[in-house]
Amino acid sequence: MSEDRRSFIKKAVAGVAMFTILPRNVFGKMGGDNDYVAPSDQLTRGIIGVGGIGMSSYHFQSDSSCRLVALCDVDSNHLGSAVRLAREKFGENVRAYHDFRDLIHDPNVDIVHIATPPHWHGIMAMEAARAGKDIFCEKPMTRTIGESKRVMEAVRRNGNIFRLNTWFRFKDTFYGLGTEVEPLKKLVDSGLLGYPLTVRISGATGFAWKFFWRGKENLKPETVPSNLDYDMWLGPAPYKPYNSHRVHQTFRGYWDYDGGGLGDMGQHYIDPVQYILGKDDTFPVRVEVDAPQQHPDAIGIWRRITYTYEDGCRIILEGEGFESEGKVPYIEGPNGKVYKGFECTIPNVMQLINEMPDPRPRNTDFLECVRTRQKFALDEVIGHHSSTIVNMGVCALRLGRTLNFDPDRQMFIGDDAANRLIDQPARGVWGLE
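None of these values were measured; they are calculated from a predicted model.

Draft legend 1. Structural context of the nonpolar core. Of all hydrophobic cores here, the largest spans 109 residues; its most connected members are Phe 100, Leu 317 and Ile 331. Among all residues touching Phe 100, those that are not within four sequence positions of it are Ile 48, Cys 72, Trp 120, Ile 123, Met 124, Glu 127, Met 232 and Trp 430.

As structure tokens, this is what we get:
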């Protein structure tokens, strides 16, 4: 909620003690389902980026608990379609913005949903944090290590509620794995598998299914379509002549905007592993890559990325060439292995797990977290950690070599070129503070 609205609510609640009976329409209104909704419970949201994920049925919503009130896009066709759909689907006359800063500073917007290409995530999240807005950010959290650290610091400093939009650590089954996180977490915490552990994210669990995000080399300049503000779409990214393959659905194939299949899907897979291994507060100390030399602009394929923690635990990402691999363990320790579908080499494992205490409860309702000012289960700190792991892999891929990482300083050890990728210069006026 905006500060003005929060102040009003506090004053209204304080004034309740002065009256014995108040008509409920003084403090609220009827929702679409005829349930009473107080103004302190009805939140508002604006979406930045309505060309892809921002228009999905999961996100493009408006109801009595959270109304959609504003939209923003630098493509006038996307923006016009989204505005019309909001009117037709929800009866909402949403405000339409070309510049994301106007949406963020709209006093009617409580929650800013960032659904743009990742090269914008850091700047927009920091601007929203400074404006006192709560933030729902798509993955990856940011395109660089330095950006996610700055977002984390800005959210902490301004007291915002932040949600990174990947959810496998607290609900749903992994792609292709056939089990939720909780039994895996309980098994690892039990120590039955032994230590250290290796988690293998392979073709058997579907990781390579987004490897079609590849860039094209030697793109020929094209005329910018009249509906697209290409300069604003680029924003902090280095200027490159327009080509339709750089924008919209295929932008993930270029280092300037994302990290290919790793950037797109990496946080979905790595974030739950951080939770399972109990490493939400640390990072691996080494990342190794098996990949062809990458083009400086267009992202290519890679075969394997291996992360190693200080205690010897490993995460192995298997990409191109592993799609048809046979039976491989998802988690492996000295005393046992776990395969997809929670098939385990430890006898009576499910009975043993059922006898163990459940993991501590977590706040997984984002809107409730916004109302109560409680941290969300995947907040800016946890998001920074798993985002950094993804971007460690991106740095190693771009440079084509093993990198050693200092978790305390959050810098690469003895590699100036890698450290230059942590904080990359932004074009024009878009440099992060």
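Read on for the rest.
Draft legend 2. Focus on unusual backbone geometry. The omega torsion across Lys 139 and Pro 140 is -10°, close enough to zero to call that bond cis. Note on placement: Pro 140 falls in the loop between β7 (134-138) and α5 (145-158). The omega angle of the peptide bond from Tyr 195 to Pro 196 is 5°, so this bond is cis rather than trans. Locating Pro 196 in the fold gives a position in the loop between α6 (181-190) and β9 (198-201). Residue Gln 410 is not a glycine yet carries a positive backbone phi of 55°. Structurally, the position occupied by Gln 410 is in the loop between β16 (403-406) and β17 (411-412). Residue class for Gln 410 comes out buried when judged on its relative accessible area of 15%.

Draft legend 3. Up close: helix α4 (residues 121-130). When you tally the buried positions in α4, you get nine out of ten residues, the bulk of the element. Among the residues making up α4, those that are buried are His 121, Gly 122, Ile 123, Met 124, Ala 125, Met 126, Glu 127, Ala 128 and Ala 129. On its buried face, α4 is in contact with β3 (43-48), α3 (100-104), β6 (111-114), β7 and α5. Within two residues after α4, Gly 132 carries a phi angle of roughly 80°, on the positive side.

Draft legend 4. Seen up close, the layout of surface pockets. The space that makes up the largest pocket amounts to roughly 740 Å³. Around the largest pocket, the lining comprises 40 residues; the ones closest to its centre are Gly 52, Ile 53, Ala 115, Phe 251 and Arg 252. Of all elements in the fold, only α4, α7 (230-234) and α8 (260-277) reach the threshold of two or more residues within the lining of the largest pocket. Here the residues of the lining of the largest pocket are counted per class, giving 20 nonpolar, 14 polar and six charged. There is about 400 Å³ of room inside the second largest pocket. Looking at the second largest pocket, it is lined by 17 residues, and the ones nearest its centre are Tyr 58, Phe 136, Arg 163, Phe 366 and Leu 367.

Draft legend 5. Fine view of the environment of His 121. Summarising the element assignment, His 121 is placed in helix α4. Look at His 121 and you get buried, because its relative accessible area is 0%. C-alpha of His 121 to C-alpha of Glu 147: the two residues are 26 residues apart in sequence and 8.5 Å apart in space. Leave out the neighbours within four places in its chain, and His 121 touches Ile 114, Thr 116, Cys 137, Glu 138, Lys 139, Pro 140, Met 141 and Thr 142. A polar side-chain atom of His 121 sits 2.8 Å from the main-chain carbonyl oxygen of Thr 116. Separated by 3.4 Å, the side chain of His 121 and the backbone oxygen of Met 141 make a polar contact.

Draft legend 6. The arrangement of the packing of aromatic side chains in detail. By the definition in use, this model includes 19 aromatic pairs. Ring geometry for Trp 167 versus Phe 168: centroids 5.2 Å apart, planes at 35°, classification tilted. On the accessibility criterion, Trp 167 (17% relative accessible area) is buried. On the accessibility criterion, Phe 168 (5% relative accessible area) is buried. Both rings, one in Tyr 230 and one in Tyr 239, keep their centres 6.5 Å apart while their planes meet at 70°; by these two values the pair is edge-to-face. An aromatic cluster is present here, built from Tyr 230, Trp 233, Tyr 239, Tyr 242, Phe 251, Tyr 254 and Tyr 257 joined pairwise through their rings. One cation-aromatic arrangement involves Lys 279 over Tyr 309; the distance from NZ or CZ to the ring centre is 4.9 Å.

Basis of the calculations
- Starting afresh in each chain, residues are numbered from 1 along the sequence in its written order.
- Reporting in this predicted model follows two pLDDT cut-offs: at least 70 for local features of residues, and 80 or more for side-chain atom pairs to be given and counted; totals over whole chains, interfaces and linings ignore these cut-offs and use all residues.
- Hydrogens and waters are ignored; side-chain quantities use all the structure's heavy atoms.
- Take the buried residues of types Ala, Val, Leu, Ile, Met, Phe, Trp, Tyr and Cys, join any two whose side-chain atoms come within 4.5 Å, and each joined set is a nonpolar core.
- Each residue is placed in one exposure class: buried if its accessible area under a 1.4 Å probe, protein chains only, is under 20% of its type's maximum, exposed if it is over 50%, and partly exposed if it falls in between.
- Contact between two residues is taken to exist if any of their heavy atoms lie within 4.5 Å; hydrogens are not considered.
- Numbering of helices and strands runs from the N terminus; a helix is a DSSP stretch of H or I covering at least four residues, while a strand is a stretch of E covering at least two.
- The rule is simple: put a 1 Å grid over the protein atoms alone, call a set of points where a 1.4 Å probe fits but cannot get out a cavity, call an open set with protein on both sides within 12 Å along at least five of seven lines a pocket, and count a residue as lining if it has an atom within 4 Å of a point.
- Grid points are joined across faces, edges and corners, and a volume is the space filled by probe spheres set on the points.
- When residues are grouped by polarity, Ala, Val, Leu, Ile, Met, Phe, Trp, Tyr, Cys and Pro land in nonpolar, Asp, Glu, Lys and Arg in charged, and all others, Gly among them, in polar.
- Counted as a polar contact is a pair of N or O atoms within 3.5 Å, where, for protein atoms, one must be capable of donating a hydrogen and the other of accepting one, and residues adjacent in sequence contribute only when both atoms are in side chains.
- For this analysis, a ring pair means two rings from Phe, Tyr or Trp (six-membered ring only for Trp) whose centres lie within 6.5 Å, classed as stacked if their planes differ by under 30 degrees, edge-to-face if by over 60, and tilted for the remaining angles.
- Our definition puts a charge over a ring when NZ of Lys or CZ of Arg is within 6 Å of the ring centre and also within 35 degrees of the ring normal.

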